[in-house]
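For reference, the chains in residue letters:
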Amino acid sequence: MSEVRVRFAPSPTGVLHLGGARTALFNWLFARHTGGKFLLRIEDTDQKRSTDESTNAILDALQWLGMKWDEEPIYQSARMEEYKASLSRLIDEGKVYKCYCTPEERQVMRDEAKSAGRTFIYDGRCDGKPDQPDKQFVWRFRISKDGETVVEDLVQGRVVTPNYEIEDLVIARSDGTPLYNFVVVIDDAAMGITHVVRGKDHLTNTPKQMAIYQGLGLPIPSFAHLPLILGLSKRLRSAGVESYRDQGYLPGAVNNYIARLGWSHGDQEIFSDTELADKFDLADVNRSEGALNVEKMEWINQQHIMATGREGLAAMVVPFLSTAGVEVALDDPRLPPACETVQLRSKTLVEMAAKVKFYFLEDDAIVYDEKAAKKFLTQESKVRIAGMATALEGSLDWTVQSIEDAVNGFCESSDIKLKHVAQPSRVALTGEATGPGLFEMMVVLGRASVLNRLRRACGDE
RNA sequence: GGCCCCGUCGUCUAGCGGUCUAGGACACCGGCCUUUCACGCCGGCGACACGGGUUCGAUUCCCGUCGGGGUCACCA
């Protein structure tokens, strides 16, 4: 069997939303799984709606998600000559005809069909008409009304359409520019596409396209139509991939989530990209559409954060610290251990940045949460904190174990429990009542900062 | 409206005629662990849309109803 070749073919009229990303992902996974090629085609034949800005945004998003394409992207706007050539072949072979119907006439036909409760199918009334040189026309592709067209869809199963329900479709505008259903066929054939994997909204185009393949004498590829993603809200559904990046999602987590939406592999929930490619199969894709669920996506993101090494997290969190107003050097040695202390507590990189922020502030820049300060920074606890600071002053190693021993020792000698001093000192060090484990945090912060912050909290301000 | 697709816990799903008093995950509610918050662990709540068939037996097969989605362009 020949090599699998699949493609993702966005039209550059906006951002790449999650639905598009999932279509791309399934193509990419299928290619990786089968050892085939993943290609890109930019469908920019509609000059009015297409922009370079959008093309770049889509390419950036795919890149961020880690879906590398294997050949240079094809731009339809650069292939007009090809389309013209195919059209003239069809003209020469008498497979198309000129249609002179005006928009108004077509509207009348549509209205009639609708009021009669029928599917509107252009009736071919212009087929065989003599030329009318002074009138505008479009090219229609003639489709035999006998028999039926069968799509053996790899996801949807066998879908049968009677040919009398497939109309003679317009393949070129009055100005001669080709239309979608025509160019798709030419391009997929030219690119050697073996499997057309796309959204289910294209299912009804498929019989038309199959007829064109046959008219052009081209081999028909396999088809797989993916169920669409339902949005819980319009906002959720239309958000671009980059907004998820900005919200602190890891690309692998986004892939994991959208893959699991409509596809499954037993009870497994968490997949790396390579695991996905390894286990993905079109046969396991569901036919029913799924809805976006933010809580689950966050949980999956958290799982991916937990599975990422501290060095990797450090590199990723820096830009988020920056937007949180704290500039930290990429090679700051505190960064990896700081990330490690909040790794189990962060659902997104935005959260992670917020949680490690305190490490990098000046000691006297810590702002105490009002409620936390009121509850924990009491006169009584200030005395305890001061005592603890002194206990930490000595010549002990600055490790989790030695700090813990020193603090426990202090508690014993003062006849208090750890909890009497833990929360107050957490507030002193971070400003918050919640945060990383006390001793781990102290190690990262360093002795000087710890003592500074502890004593600052004891002062009467 | 015509045509097409779909319909298991709130959500994502497992299930491919008997193993289902329907399994897992998120969320939610208890509990354990514990210096806080998390993580982790244990337990709970919670679904086969409805009605007919077929069958010894239907969540699984067929039909209908209802519900959801898609599509009916000189857009892609």
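These notes cover the structure that comes with them. For clarity, every value in this text was computed on a predicted model and none was experimentally measured. (Residues numbered from 1 in each chain as written. Chains lettered and ligands numbered in written order. Predicted model: local features only at pLDDT ≥ 70, side-chain atom pairs only at ≥ 80, totals over all residues. Heavy atoms only, no water.)

To continue, consider the overall build of chain A. Broken down by element type, chain A carries 20 helices and twelve strands. Against the globule reference of 23 Å for 461 residues, chain A gives a C-alpha radius of gyration of 32 Å, more extended than a compact globule. Dimensions of chain A along its principal axes, counting C-alpha atoms only, are 105 × 45 × 40 Å. With 461 residues in all, chain A has 47% of them scored as buried. Counting every atom, chain A has about 22,400 Å² of accessible surface; 50% of that belongs to carbon and sulfur. Averaged over its 55 positive side-chain charges, chain A has a centre that lies 4 Å from the centre of its 67 negative ones. (Helix = DSSP H or I, 4+ residues; strand = E, 2+ residues; numbered from the N terminus. Rg over C-alpha atoms; globule rule 2.2 N^0.38 Å. Buried < 20%, exposed > 50% of the residue type's maximum accessible area, 1.4 Å probe, protein only. Areas by Shrake-Rupley, 256 points an atom, 1.4 Å probe, with all protein chains shown as cover. Lys, Arg positive; Asp, Glu negative; His and termini not counted. Charge placed at Lys NZ, Arg CZ, Asp CG, Glu CD.)

Once that is clear, we can look at helix H3 (residues 80–92). For H3, which comprises 13 residues, the first-to-last C-alpha distance of 18 Å matches the rise-based estimate of 18 Å (1.5 Å per residue) to within 8%. Every buried residue belonging to H3 is among Tyr 83, Ser 86, Leu 87 and Leu 90, and all of these are buried. All buried residues of H3 project into a common sector of 100 degrees when viewed along the axis, lining one side. For H3, the exposed residues lying more than 90 degrees away from the buried face are Glu 81, Lys 84 and Asp 92. Packing partners of the buried residues in H3 comprise strand S4 (96–99), strand S5 (138–141), strand S8 (170–172), helix H5 (180–190) and helix H6 (206–216). A positive phi of about 65 degrees marks Gly 94, the residue just after H3. (Expected span 1.5 Å × (residues − 1). Arc of directions from axis to C-beta. Contact = heavy atoms within 4.5 Å.)

Moving on: the nonpolar core. Counting 102 residues, the largest nonpolar core has Phe 26, Leu 321, Tyr 359, Phe 360, Leu 392, Met 442 and Leu 454 as the members making the most contacts within it. For this core, the element with the highest residue contribution is helix H1 (residues 18–34), accounting for nine residues. Not counting residues up to four positions away in its chain, the partners in contact with Met 442 are Met 388, Leu 392, Trp 398, Ile 403, Leu 429 and Val 450. Core analysis: the next-biggest nonpolar cluster, separate from the first, contains 26 residues, Val 96, Leu 169, Phe 182 and Val 185 among them. (Core = buried A, V, L, I, M, F, W, Y, C linked by side-chain atoms within 4.5 Å.)

In sheet architecture, strand pairing relies on hydrogen bonds along the backbone and comes in two forms, parallel and antiparallel. Strand order in this open sheet of three strands is S1-S2-S3, and the pairing throughout is parallel. Each end of this open sheet is capped by a strand with a single partner; those strands are strand S1 (5–8) and strand S3 (74–75). Examined bridge by bridge, strand S2 (residues 37–42) and S3 share two bridges and lie parallel to one another. Bridge assignment links Arg 41 to a residue of S3, and that residue is Ile 74. The sheet contacts of H1 involve S1 and S2, and relative to S1 the element is tilted by about 165 degrees. Contacts between helix H2 (residues 52–64) and the sheet are confined to S1, S2 and S3, with S2 contributing the most and set at about 160 degrees to the helix. (Pairing = 2+ DSSP bridges. Axes fitted to C-alpha atoms, helices over the stretch in contact; angles between N-to-C directions.)

This part covers the pattern of salt bridges. The full count for this structure, using the stated rule, is 27 salt bridges. Taking the shortest distance from any N to any O, the salt bridge between Asp 188 and Arg 7 comes out at 2.8 Å. Placement of Asp 188 in helix H5 and of Arg 7 in strand S1 is noted, with a sequence separation of 181 residues between them. On the basis of relative accessible area, Asp 188 is assigned to the buried category, the value being 1%. What emerges from the salt-bridge pattern is a single network uniting Arg 7, Arg 41, Glu 43, Arg 79, Asp 187 and Asp 188. (Salt bridge = Lys/Arg side-chain N within 4 Å of Asp/Glu carboxyl O.)

The next subject is the packing of H3 against H5. Packing of H3 against H5 leaves a shortest axis separation of 10 Å and a crossing angle of 105 degrees. Classified by the angle their axes make, H3 and H5 are roughly perpendicular. Within the contact between the two elements, H3 uses Tyr 83, Ser 86, Leu 87 and Leu 90 and H5 uses Phe 182, Val 183, Ile 186 and Asp 187. By residue class, the composition of the contact of H3 with H5 is six nonpolar, one polar and one charged. (Parallel < 35°, antiparallel > 145°, perpendicular 65-115°, else oblique. Nonpolar A, V, L, I, M, F, W, Y, C, P; charged D, E, K, R; others polar.)

Attention shifts here to helix H20 (residues 447–458). With twelve residues, H20 extends 17 Å between its outermost C-alpha atoms, agreeing within 8% with the 16 Å of an ideal straight helix rising 1.5 Å per residue. The complete set of buried residues in H20 reads Ser 449, Val 450, Leu 451, Arg 453, Leu 454, Ala 457 and Cys 458. Residues of H20 that are buried make contact with helix H16 (379–391), helix H18 (418–430) and helix H19 (438–445).

Our next topic: the sheet that holds S4. Taken together, the three strands give an open sheet; going across it, the order is S4-S5-S8, and neighbouring strands pair in antiparallel fashion. Looking along the sheet, the strands with just one partner apiece sit at the ends: S4 and S8. Each adjacent strand pair in this sheet contributes to an overall mean axis angle of 45 degrees, direction not counted. Both S4 and S5 contribute to a ladder of four bridges, which runs antiparallel. If you follow Cys 99 over to S5, its bridge partner there is Val 138.

Near RNA strand B, the surroundings consist of 56 residues, among which Thr 119, Gly 262, Arg 287, Leu 344 and Arg 345 are the closest. Within the side chain of Gln 156, an N or O atom sits 3.1 Å from a sugar or linking oxygen of RNA strand B. In this structure, a sugar or linking oxygen belonging to RNA strand B sits 3.2 Å away from a main-chain N or O atom of Lys 296. Looking at the surface near RNA strand B, the elements with two or more residues in it are helix H4 (103–115), strand S12 (290–291), helix H11 (294–306), H18 and H19. Considered class by class, the residues forming the surface near RNA strand B number 17 nonpolar, 21 polar and 18 charged. (Near = heavy atom within 4 Å. Polar contact = N/O pair within 3.5 Å; in protein donor to acceptor, adjacent residues only side chain to side chain.)

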